[in-house]
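Next come the chains, spelled out residue by residue.
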Amino acid sequence: MRCMVIVKASRDTEAGVMPGTELLTAMGKFNEEMVRAGVMLAGEGLHPTSKGARIKYSGKTPDVSHGPFAVTDDLVAGFWLIQVKSLDEAIGWMKRAPFDGGAEIEVRQVFDTEDFGEALTPELREQENRLRAQVGRK
């Protein structure tokens, strides 16, 4: 199963405070371990919301709001996409992440095509497979 690990934003990440060499070194080591184990598929940090926008769809014309946004529990500072056998395995890996006090992450399972059942018709399944092949993901 694939899981997205969502790294929650903090006042520091929203202020653009960059991690120091010590944390970057520890994070690099952790990422290397996950890559060697065949767990890590992707992972990135995100710029603060001051460099982003939100789009809200209501009616015919989407509303666009530019950041920064208030620091709340729903802001994201980064993510990993990992491939594991179970949620427990994902949690086990993430317990080893080199974060300090106050950091928070969320682990969520990513839908696979099988999860959509009959609603994903053979034509839609073929389209999904074709698109995944085009972006290099299986």
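Above: the structure in question.
Residues numbered from 1 in each chain as written. Predicted model: local features only at pLDDT ≥ 70, side-chain atom pairs only at ≥ 80, totals over all residues. Heavy atoms only, no water.

K.L.:
Sorry if this is basic, but what is going on with the sheet that holds strand β1 (residues 2-8) here?
P.N.:
Two orientations exist for strands paired in a sheet by backbone hydrogen bonds: parallel and antiparallel. With antiparallel pairing, the four strands of this open sheet are ordered in space as β2-β5-β1-β6. In the strand order of this sheet, the two ends are held by β2 (40-45) and β6 (105-109), each with one partner. The average angle at which neighbouring strand axes cross in this sheet is 15°, direction not considered. Direction of pairing for β1 relative to β6: antiparallel, over a ladder of five bridges. If you follow methionine 4 over to β6, its bridge partner there is arginine 108. (Pairing = 2+ DSSP bridges. Helix = DSSP H or I, 4+ residues; strand = E, 2+ residues; numbered from the N terminus. Axes fitted to C-alpha atoms, helices over the stretch in contact; angles between N-to-C directions.)

K.L.:
How should I be thinking about helix α3 (residues 87-94) in this particular structure?
P.N.:
Every α-helix carries 3.6 residues per turn, so stepping three or four residues along brings you back to the same face. Looking only at α3, the buried set comprises Ala90, Trp93 and Met94. Angularly, the buried residues of α3 cover 95° about the axis, an arc narrow enough to put them on a single face. Considering only its buried residues, α3 is in contact with β1, α2 (21-36), β5 (76-83) and β6. (Buried < 20%, exposed > 50% of the residue type's maximum accessible area, 1.4 Å probe, protein only. Arc of directions from axis to C-beta. Contact = heavy atoms within 4.5 Å.)

K.L.:
Got a minute to help me understand the pairing of strand β4 (residues 63-66) in this structure?
P.N.:
Taken together, the four bridges between strand β3 (residues 53-56) and β4 define a ladder with antiparallel strand orientation. Across the sheet, the residue bridging to arginine 54 is serine 65, located in β4. Connecting the antiparallel pair β3 and β4 is a turn made up of six residues, with glycine 59 showing a positive phi of about 85°.

K.L.:
Explanation requested: the pattern of salt bridges in the structure shown.
P.N.:
Side chains bearing opposite charge may pair, as long as their charged atoms lie close to each other. Inspection of every chain in the model, using the stated rule, returns eight salt bridges. With a shortest N-O distance of 3.7 Å, arginine 54 and aspartate 74 are connected by a salt bridge. Of this pair, arginine 54 sits in strand β3 while aspartate 74 sits in the loop between β4 and β5, and the two are 20 residues apart along the sequence. Under the relative-accessibility criterion, arginine 54 is labelled partly exposed at 37%. Of the charged contacts in the structure, one is a salt bridge between glutamate 128 and arginine 132, with a shortest N-O distance of 2.8 Å. Taken together, the residues span about one helical turn, with glutamate 128 and arginine 132 both in helix α4 (residues 122-134) at a distance of four residues. Take glutamate 128: its relative accessible area is 28%, and that puts it in the partly exposed class. Connected through salt bridges with shared partners, the residues Lys8, Glu106 and Arg108 form a single ionic network. (Salt bridge = Lys/Arg side-chain N within 4 Å of Asp/Glu carboxyl O.)

K.L.:
What is the right way to read the layout of surface pockets from this model?
P.N.:
A water-sized probe rolled over the atoms picks out the places where empty space is left. Empty space within the largest pocket amounts to approximately 1,100 Å³. The wall of the largest pocket is formed by 37 residues, among which Thr13, Pro19, Leu23, Ala77 and Phe99 lie closest to the centre. Elements with a minimum of two residues in the lining of the largest pocket: β1, α1 (11-14), α2, β2 and β5. Of the residues in the lining of the largest pocket, the class split is 18 nonpolar, twelve polar and seven charged. (1 Å grid on protein atoms, 1.4 Å probe; cavity = no way out; pocket = protein on both sides within 12 Å on 5 of 7 lines; lining within 4 Å. Points joined across faces, edges and corners; volume = space filled by probe spheres on them. Nonpolar A, V, L, I, M, F, W, Y, C, P; charged D, E, K, R; others polar.)

K.L.:
Got a minute to help me understand the nonpolar core in this structure?
P.N.:
In terms of nonpolar packing, the biggest core is built from 15 residues, with Phe30, Met34, Trp80, Ile82, Val84, Trp93 and Met94 touching the most fellow members. Every element with two or more residues in this core is listed here: β1, α2, β5 and α3. If we skip the residues at most four places from it in the chain, phenylalanine 30 touches Trp80, Trp93, Met94, Arg96, Ala97 and Pro98. (Core = buried A, V, L, I, M, F, W, Y, C linked by side-chain atoms within 4.5 Å.)

K.L.:
Whenever I open this one, unusual backbone geometry confuses me. Can you help?
P.N.:
The general pattern is negative phi for most residues beyond glycine and trans for most peptide bonds. A cis amide bond links glycine 67 to the next residue, proline 68, at an omega of 10°. Tracing the backbone through its elements, the reader meets proline 68 in the loop between β4 and β5.

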